[in-house]
Amino acid sequence: MNAVITAIGGFVPSSILTNKKISETVDTSDEWIVKRTGIKERRIADDNTATSDLAAAAVENLLENYKVDREEIEALLVATATPDHILAPTASIVCEKSGLVNAFGIDMNAACSGFLYALEMGANMIESGRYSKLIIVGADKMSSIVDYEDRNTCILFGDGAGAVLLEKTESGNGLMKTILKTDGSGVSSLAVPAGGSRTPISMQSLLHRTHYLKQDGAFVFKKAVSSMSQVSQDALAKNELQADEIDWVIPHQANLRIINAVGESLNIDAEKVKVNIERYGNTTSATVPLCLWDFKNDFKEGQNLLITTFGAGFSWGATCLKWGVMRDEKTAKISKNTTEKSVVMAH
Ligand code: ACO
């Protein structure tokens, strides 16, 4: 028995932050950002919208669009690095907002690899036979931890959420073997130094802006390329697949140059590598499900997908999956604006 994705939802806020706008506040330019990252714009949530609102909007989009009975959902795994609160769990808030009355909810933080980690946990829950319907969400309001005075980081990130429904299948489609990796020696290269139990928020942390995300960009860049390339090759080998048997690659969207380098190292044609970073930037836990959401109409039953991620921790991994049969979609799709309104109304 395998776990297979049968429905997808997504949500991005309507407000667009362009490179030009960023260049009005820090010393950068549209040309530099596009050339060095591939990012043209990113979506930014308003002050009244938290990560749970983004996640709930993505879940609502999934439930409504695919006519999923919310009472049948048994668990909600929310991958996020920007929870609404340190305590209580964001997943509890999403369960409440989304009416998932029979689901337990849990947050999972593995930064940019969070969705992949949660997908692996969810797949194992289904394959164990103990669960049959789970929702996995990747959601982040990165604008809440980005320092818009720091040109090294503020150009990179955006807000958004994506959600998938995992169900059991005996069709032979679905999630294959996954490799997940962690190297804690990388923590200081990419972290929000203050705000946790190590360094609670204080006047000092506010003064030194250490409650914002800091990263050694060049070092992280090199680690991301080598780690995603290697783990992708390892995942292919583990699943006894050749690179030319992969129909689509869904890479974490951190930097277009990283994505291209990983594709090249695998010798996979660029047109098979899905990219939406130009529109959303790096939405951390949400990049992979937002990519699945954006490009779902391209995936056909039986095609092989390779997902690979890299993020803070360091945390990285790769999995392969055989695309399955999706539930029927409603013909009249929920527009992004309608979903946005439902977020506002939730407050
Ligand atoms: N505009 C103009 N110049 C800039 C900017 C900017 N926005 N940012 C940096 N520069 C300058 C630097 O100051 C430096 O100038 P110098 O040579 O005078 O010192 C020069 O550009 C080169 O800096 P680098 O850091 O070497 O630039 P690089 O080409 O590496 O690009 C970037 C920086 C985009 C941050 C890149 O390193 C990157 O994408 N890193 C990886 C990000 C990532 O993958 N993160 C992991 C996931 S995130 C997560 O888990 C939450």
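Please refer to the structure placed before this passage.
Keep in mind it's a predicted model, so treat the numbers as computed, not measured. (Residues numbered from 1 in each chain as written. Predicted model: local features only at pLDDT ≥ 70, side-chain atom pairs only at ≥ 80, totals over all residues. Heavy atoms only, no water.)

### What to know about the packing of aromatic side chains
Right, so step 1: Evaluated as defined, the whole model comprises six aromatic pairs.
Right, so step 2: Members of the aromatic cluster, connected to one another through ring pairs, are F219, F310, F314 and W316.
Right, so step 3: Against the face of W248 rests K274, its NZ or CZ located 3.9 Å from the ring centre. (Phe/Tyr/Trp six-rings, centres within 6.5 Å; stacked < 30°, edge-to-face > 60°. Lys NZ or Arg CZ within 6 Å of the ring centre and 35° of its normal.)

### Focus: the pattern of salt bridges
Right, so step 1: A complete count under the given rule lists 15 salt bridges for this structure.
Right, so step 2: Where E24 meets K21, a salt bridge forms, and the shortest distance between an N and an O atom there is 3.6 Å.
Right, so step 3: Of the residues examined, K21 reaches a relative accessible area of 48% and is grouped as partly exposed.
Right, so step 4: The residue K296 makes a salt bridge to E329 at a minimum N-O spacing of 3.0 Å. Separated by 33 residues along the polypeptide, K296 in the loop between α10 (287-295) and β12 (304-311) and E329 in the loop between β13 (315-322) and α11 (336-345) bring together distant segments of the chain. (Salt bridge = Lys/Arg side-chain N within 4 Å of Asp/Glu carboxyl O. Buried < 20%, exposed > 50% of the residue type's maximum accessible area, 1.4 Å probe, protein only. Helix = DSSP H or I, 4+ residues; strand = E, 2+ residues; numbered from the N terminus.)

### So, the sheet that holds β12
Right, so step 1: The sheet built from four strands is open, its strands ordered β8-β13-β12-β11 with mixed pairing. Either end of the sheet is taken by a strand with one partner, and the two such strands are β8 (174-182) and β11 (248-251). Between one strand axis and the next, the sheet turns by 10 degrees as a mean value, whatever way the strands run.
Right, so step 2: Where β12 and β13 come together, eight bridges link them in antiparallel fashion. Within β13, the residue paired with F310 across the bridge is W316. (Pairing = 2+ DSSP bridges. Axes fitted to C-alpha atoms, helices over the stretch in contact; angles between N-to-C directions.)

### Remarks on the nonpolar core
Considering soluble globular proteins, one finds that nonpolar side chains tend to be buried as a cluster.
Right, so step 1: Ranked by size, the top nonpolar core spans 63 residues in total, and within it L76, I135, V137, L166, L292 and W323 carry the most contacts.
Right, so step 2: Here the element with the most residues in this core is helix α3 (residues 51-65); it accounts for eight residues.
Right, so step 3: In this view, W323 contacts I5, I8, N173, L292, F299, K300, E301, G302, Q303 and L305; residues no more than four positions away in its chain are not counted.
Right, so step 4: Counting residues in hydrophobic clusters, the runner-up holds 40 residues, among them V146, M228, L266 and I277. (Core = buried A, V, L, I, M, F, W, Y, C linked by side-chain atoms within 4.5 Å. Contact = heavy atoms within 4.5 Å.)

### Topic: the site of the ligand
Right, so step 1: Around the ligand lies a shell of 28 residues, among which T28, R36, C112, N255 and R257 are the nearest.
Right, so step 2: At 2.6 Å, a side-chain N or O of R36 approaches an oxygen atom of the ligand.
Right, so step 3: One of the backbone N or O atoms of G217 is found 3.0 Å from a nitrogen atom in the ligand.
Right, so step 4: Alone, the ligand offers 1,000 Å² of accessible surface; in the complex the protein occludes 74% of this.
Right, so step 5: Elements represented by at least two residues in the shell around the ligand include exactly α2 (30-37), α7 (217-238), α8 (256-266) and β12.
Right, so step 6: Taken together, the residues of the shell around the ligand break down into 14 nonpolar, ten polar and four charged. (Near = heavy atom within 4 Å. Polar contact = N/O pair within 3.5 Å; in protein donor to acceptor, adjacent residues only side chain to side chain. Areas by Shrake-Rupley, 256 points an atom, 1.4 Å probe, with all protein chains shown as cover. Nonpolar A, V, L, I, M, F, W, Y, C, P; charged D, E, K, R; others polar.)

### A look at unusual backbone geometry
Right, so step 1: Following L87, the chain continues into A88 via a peptide bond in cis, with omega recorded as 20 degrees.
Right, so step 2: By the secondary structure assignment, A88 is in the loop between β4 (75-79) and α4 (90-98).
Right, so step 3: Look at R209: it is not a glycine, yet its phi comes out positive at around 60 degrees.
Right, so step 4: Within the secondary structure layout, R209 lies in the loop between α6 (203-208) and β10 (214-215).
Right, so step 5: Since its relative accessible area comes to 26%, R209 is described here as partly exposed.
Right, so step 6: Even without a glycine there, the phi angle at T284 is positive, about 55 degrees.
Right, so step 7: T284 sits in the buried class, given a relative accessible area of 3%.

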